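Observations on the three-dimensional arrangement
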Amino acid sequence: NVYQQKRHPNYDPNAVLKWSFTDLDRYLYDNGHVDDTNYTATTLMPQIAERLTYIARASHGALQIGYPKVGECFGLYGADIILDSDLNVFVTEIQKGPGLSYDDAIKRRVIPPMMSEAIAIMLEIRRRRLQGLPLQQLNSRKRFQWMIKDTESPTEPTQQLAQ
């Protein structure tokens, strides 16, 4: 959690606190932690997706409270993930309001296309709902992946996406 690290008395403002997946792959491989140069795609991201899916399923009912119409809400959440020394994945928190600042190179590269795609998905879902069309094949979905896709019905969505 970068916010917490910045508050620590020994915080080094020049420390690199966020890495790209390419840099993480290179570090893990070069230091003998993994044998796969594409570890984040083949192993790490599926583990993270599994945990986030579990959390989304557990939270699904609570997230719908206060919305009179099914499927009439949209949310953008952030997740803090920690890997221990054995590369076990832990989700430490889900933020209702993820940090969208451009205060580092990783965020400057990730946030604009993520927001653009999220808005495109939201608008396509809205249009499809108004037209009574199914949601299983969203044309606007490029990098987001389905976390929960329990129904094909356009009127009873339990579909959640993550990037």
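Now for a description of the structure that goes with this document. (Residues numbered from 1 in each chain as written. Predicted model: local features only at pLDDT ≥ 70, side-chain atom pairs only at ≥ 80, totals over all residues. Heavy atoms only, no water.)

1. Focus: the layout of surface pockets
Considered as a void within the structure, the second largest pocket measures approximately 230 Å³ in volume. The wall of the second largest pocket is formed by Val 2, Lys 6, Tyr 11, Pro 13, Ala 15, Val 16, Leu 17, Lys 18, Asp 103, Asp 104, Ala 105 and Ile 106. Those elements that place two or more of their residues in the lining of the second largest pocket are helix 1 (2–7) and helix 4 (105–131). (1 Å grid on protein atoms, 1.4 Å probe; cavity = no way out; pocket = protein on both sides within 12 Å on 5 of 7 lines; lining within 4 Å. Points joined across faces, edges and corners; volume = space filled by probe spheres on them. Helix = DSSP H or I, 4+ residues; strand = E, 2+ residues; numbered from the N terminus.)

2. Some points on the side chain of Asp 25
Looking at the secondary structure, you find Asp 25 in helix 2 (residues 21–30). For Asp 25, which is buried and forms no salt bridge, the nearest opposite charge comes from Arg 26, at a distance of 8.7 Å. Here the side chain of Asp 25 touches Tyr 39 through a polar contact of 3.1 Å, landing on its backbone nitrogen. Beyond its immediate sequence surroundings of up to four residues, Asp 25 is in contact with Thr 37, Asn 38, Tyr 39 and Thr 40. (Buried < 20%, exposed > 50% of the residue type's maximum accessible area, 1.4 Å probe, protein only. Lys, Arg positive; Asp, Glu negative; His and termini not counted. Salt bridge = Lys/Arg side-chain N within 4 Å of Asp/Glu carboxyl O. Polar contact = N/O pair within 3.5 Å; in protein donor to acceptor, adjacent residues only side chain to side chain. Contact = heavy atoms within 4.5 Å.)

3. Observations concerning unusual backbone geometry
The phi dihedral of Leu 87 is positive, around 65°, even though this residue is not glycine. Its place among the elements puts Leu 87 in the loop between strand 1 (78–83) and strand 2 (89–95).

4. Some thoughts on the environment of Val 16
Counting through the fold element by element, Val 16 comes out in the loop between helix 1 and helix 2. On the basis of relative accessible area, Val 16 is assigned to the exposed category, the value being 61%. Separated by 88 residues in the primary sequence, Val 16 and Asp 104 place their C-alpha atoms 9.1 Å from one another.

5. What to know about the pairing of strand 2
In the sheet, strand 1 pairs with strand 2 via six bridges, with the strands oriented antiparallel. Within strand 2, the residue paired with Leu 83 across the bridge is Val 89. (Pairing = 2+ DSSP bridges.)

6. A few points about helix 2
Within the span of helix 2, buried status applies to Leu 24, Asp 25 and Leu 28. Axial view of helix 2: buried residues confined to an arc of 100°, hence all on one face. Remark: Gly 32 follows helix 2 within two positions and exhibits a positive phi of approximately 75°. (Arc of directions from axis to C-beta.)

No statement about biological role is implied by the geometric values presented.
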